[in-house]
Structure formats: C-alpha cells, structure tokens
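Below, each chain spelled out in residue letters.
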Amino acid sequence: MAPAGGGLARIALPVDCSELQVSFGAVRAVDGISFHIEPGEVFALLGPNGAGKTTTIRVLTTLITPDSGRATVFGHDVRRAAMLVRHLIGYLPQQLSADFQLSGYENVWLFARLFDLPRREREGRVREVLAVMGLDDVRDRLVRTYSGGMIRRLELAQALVNRPALLVLDEPTIGLDPLARADVWERVRTLRQETGMAVLLTTHYMEEADVLSDRVALMHHCRFRAEGTPANLKSALGPGATLDDVFRHHVGAAIEDEELSGGGRDVRNTRRTAQRLG
Amino acid sequence: MSATRVAPRSVSAEARVDSAVLPAWWRLYPSRVVTFWLVELRKIRHDRSELYLRAVQPVLWLLIFGETFSHLHAIPTPKGIGYLAYLSPGIMAQSALFIAIFFGIQIIWERDSGILTKLMATPTPRLALISGKAFAAGVRSLAQVVVILVLSVLLQVHFDWNPLDLLGVALFVVLGAAFFSCLSMTIAGIVLHRERLMGVGQAINMPLFFASNALYPVRVMPGWPQGLSAANPMSYEVDALRGLLLGTPSAMLLDLGVLVLAVTVGIAASASLLPRLAR
C-alpha cells in the first residue's frame, strides 16, 4: 500500500501513520493503527462512537501526542513539527465550534489572523471563502441567528481560509437534517475536485463514507478491522452488498453494546451538538 | 457558486513547506495577543449588557460601603486622603478581580463547545493562546476603570489626573486581570467542570479580596492575614494604583515586578494544563 521509496520522486504523503498508540490513563483509545492518505484522496474513518476515530484525528491535528508510533502530515512529524502541521491543515471538529457571540465574518477573520494571512490578503480571502460557502448575505449577522446547516458551512469556511493542503473533518454532518447533509457532501466533493486537497473524515454514517470517500477504514475497539475502497469492500462480501453490510460483517453485533457503553463524552458531545442545532 | 476561487496551493509545494512560513516568535506572540484583544472588543460591542451589569457592583461598593465607612472614620487613611479616595483604587482592582476570577468558565465553555480544540489546531502556541485570553480579560477590566473614574468625578474624589499616571493605572489593572484570569484558567485546567470552578472561584475570591490592602491598610490586620496579603498580587496592584491615583508612597517597581512575575508564572501554569482541557 505504502508508496515504494525506490523509483518514485519523494512526494510527502498528506498523512502517514505507523503503529500509532494512544491511551488515556488505563484506557486504550487507539491501539497500533497504520495507514496513509494519498495526495488528493478522500479517506474516511468509519466506526461506532468510542472506536478511536476522534482520537486518531486529534493526534493528526497535534491536539494530543501519541504514546508510541509515528504520524506525519506532508512529511512533518506531528510531535516535532506541530506548528508546521497546523499550518497545513484545516480542521472541522465534531462539535459546532463557531463562536456564537461573533458574526460569521468575524469568525472567519479570527482564523485568517491565527493563520497569519498577510493583512492585504486577509479581507479578500475571508470574503472569498464566505462566498464559496454561500454565506455572503449573512456574513454580518451574529452566528447565534444561523441555522445548523449555515453554521456547518461557516465552519467549513473557517477551515478553508488558510487554503489547507489537508482538510480534516470530524463527523462533518452530525446532527444535520438530510438536506443540509447533502449540501455539505456536495460542497466537500466540489472542493476536493477543484482544489485537489486531501481529505480525512470520520463518520458513523455508512452512506456518507460511501458517497464521499475514495478509501475507507473500518475502526472498532481502537483498531482497523478492514480497509479499502468502498467498492472493493462491498464486492468482497458478495453481489448487492452495501457498506452497511460490510460494517456489520466486520464489526458485528458488538456495535449495539458499544453504542450504549462506549464513549460517554462522545455521546454527550453529539447530543450537545444536536441541541445547539435545535 | 464555484469553489475554484479557493485556489489550490500545489501539493508538491506543500511537501516542501518549511519553517519559513511561520512568523518569528517575537512577531507571532504579540500578533496573537492583539487578535484575542480585538475579538474580545468585538464581543463587547455585540453585547454591551454585561458591561453595564458589571458596572453595578463597584458602584454599589463605593456608594454604600464607601460612603458609610467615610462617615464612620473607622479605617485609618494616609493624611489628607478621604476614605472614599483611599477605597476607589481598591475597588478598581477588586472589580477586575471579580471579572477575571471566573474567566476560566469561558475556557471550559469553549472546550465543551469545540472552539478551544479548533483554536489549538491553528498555529498558535499554547503560551500565546493563554496570553491572548489573559489579556482579553484585561480588556474587559479596563471598562471598570472607566466606570470608577467617572464615578469618582461625580463623588468629588480628588485623583491625580496626569495622563501618564492614568496609563500606568491601565497597565496595572490589565496585569492584575491577566494574573487572576490565569489563576482561573489554571483552576479550570485542574477541575475541568464549570460547577467546580464556580465553587473554587467563590472560595478564593474572598481571601484574595479581604486579605489584601483593597479596603484597609495592611497594618490594621492581625498577623496571619498580613502574611497572606504579602503573598497576594492584589495588594501589589492596589499599592501601585494608590500611588498613581493618589500620590501615596508606594513601591511601584516592586509592584510591577511582582505582577509581571505573577502573570508569567500564571501563563506558564495554565498553558501547561491546556492539553488536559484539549482531551
């Protein structure tokens, strides 16, 4: 899977992880996963709450340091070159993370400053990403007056303002209604087509992974259970199989218990997000 | 609506990105602090109600407590300085303390709502993030300074209106608020929950205020509160404010040194606890 070092020019992969391990106290959150993302690829981490998806993302966004193993983003080690890694990524966390006390414009402007965009480019870039996300007309309104779908689009605008080379989306459509969800999908697909950036996303919606990603990894109990293109994973199971079937096959009935027992904070966050969306 | 305008940076260029894209630390830190100042100002502009509500308490302290104790003559003040004048700098520091000591609640809120993780995933060093937040608390407390200055004119308190001294007042109030907000964010990093932070905040509020020279000279206190006061940055803040506004003898350089040291330690302590909040 990994590109051979040999004849190929050394192009740094957007993401390259090997034997990543993370524990919180006695609790193992990620247990020795290895994967990489090709340039321009959309890669989905799929799995139930508490499977370790968000922890993996937090390692790659430099929010937590792994106990062991190696993770690089465009060749930069997440531990040793955290500042460079942060420069290269756009990150959309699971929760609704726009600041409700600010306007849409101010929310994006804040990130333009935090990414050190030169002053003369700042305003233009902020307006540009807001326009791309269809928030032109509402950019001066306070975010607390936005709908859930608008907030998600605003957060995408925040994540894009630095023109990231890797877009990291943690449960991008959680709590959204079907229309808003389809809208987010459409925007991610367009972006990816037109900018060629690599995308790492987590989701527990099979359909989302199927629609959006080039490759998926099924995660359960802190490990990868299967990895491949949605088409390959489905056809390996037999004709007419859906990604749902693939998931059930690899993760099994255990998922029911996991949803109930695993990741109290995950569940709480999900509920909170849903609540804020109204 | 096309996405083409979010133009790609070529992927091969990404592979070669190096530390040249990052501003030097001496540009980055001030830039981040200014950013959080500006954001705080925007928030104040969008919702001024908190500003007005916050002004009520110091006004009541000066009007009720201040007027009453002026008449009682119970508290010895330096020669030629009425109790109201003596109290005003204390209340200035106190109202900044009351704002800052619950600032940790904001960081817990930002943690729960995902704002904090997103900020931490930007090229903002932990120290710069905390410094930004701490000095944002300073911005809010400056509003209190204005309220008390206006009120003191109405109450005919005689301050030294030298603009340089007033700048000094702003500096000390901002430093004080920065320290107490760091204290609050440090506690937030330890307790992690809003309710517990409220409890701890309430508990330490009282000794920080009363075991200081804000209401009375330290020498009227018994021995052990005097010890507390000597270790309390609040006392140094008030000492400096009195010196600047009333011209009372004060150890200005010592005050400045203690506050700068306290803010530095506070920023380091809360920054080191930030990863706990990010989990």
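Analysis parameters
- Residues numbered from 1 in each chain as written.
- Chains lettered and ligands numbered in written order.
- Predicted model: local features only at pLDDT ≥ 70, side-chain atom pairs only at ≥ 80, totals over all residues.
- Core = buried A, V, L, I, M, F, W, Y, C linked by C-beta atoms within 7 Å.
- Buried ≥ 20, exposed ≤ 12 C-beta atoms within 10 Å, placed from the backbone.
- Helix = DSSP H or I, 4+ residues; strand = E, 2+ residues; numbered from the N terminus.
- Contact = placed C-beta atoms within 7 Å.
- Pairing = 2+ DSSP bridges.
- Nonpolar A, V, L, I, M, F, W, Y, C, P; charged D, E, K, R; others polar.

Caption draft 1: Expanded view of the nonpolar core. One finds Val108, Ala157, Leu166 and Val168 of chain A together with Ala178 of chain B to be the most contacted residues of the largest nonpolar core, which totals 156 residues. Take this core: its biggest share by element is 14 residues, from helix α8 (residues 163–191) of chain B. When sequence neighbours within four positions are dropped, the list of residues in contact with Ala178 of chain B reads Ala134, Phe135, Ala137, Gly138 and Val263 of chain B.

Caption draft 2: The arrangement of the pairing of strand β3 (residues 42–46) of chain A in detail. Residue and element names in this part refer to chain A. Within β3, 5 of the 5 residues are buried, leaving the element largely enclosed by the surrounding structure. Residues of β3 alternate between two faces, with Val42, Ala44 and Leu46 on one and Phe43 and Leu45 on the opposite face, all of them buried. Pairing between β3 and strand β8 (residues 198–203): 5 bridges, direction parallel. Within β8, the residue paired with Val42 across the bridge is Val199.

Caption draft 3: Geometry of the sheet that holds strand β4 (residues 68–73) of chain A. Residue and element names in this part refer to chain A. Spatially, 4 strands are ordered β2-β1-β4-β5 in an open sheet, and the strand pairing comes out antiparallel. The strands lining the two open edges of the sheet, one partner per strand, are β2 (27–37) and β5 (76–77). Examined bridge by bridge, β4 and β5 share 2 bridges and lie antiparallel to one another. What sits directly across from Thr72, in β5, is Asp77.

Caption draft 4: Expanded view of the interface of chain B and chain A. Tallying the contact residues gives 34 residues for chain B and 46 residues for chain A. Looking at the side of chain B that touches chain A, the elements that each hand over two or more residues are α1 (11–15), α2 (25–46) and α6 (115–120) of chain B. Counting residues per element, the side of chain B that touches chain A draws most heavily on α2 of chain B, which supplies 5 residues. Considering only residue class, the side of chain B that touches chain A consists of 16 nonpolar, 10 polar and 8 charged.

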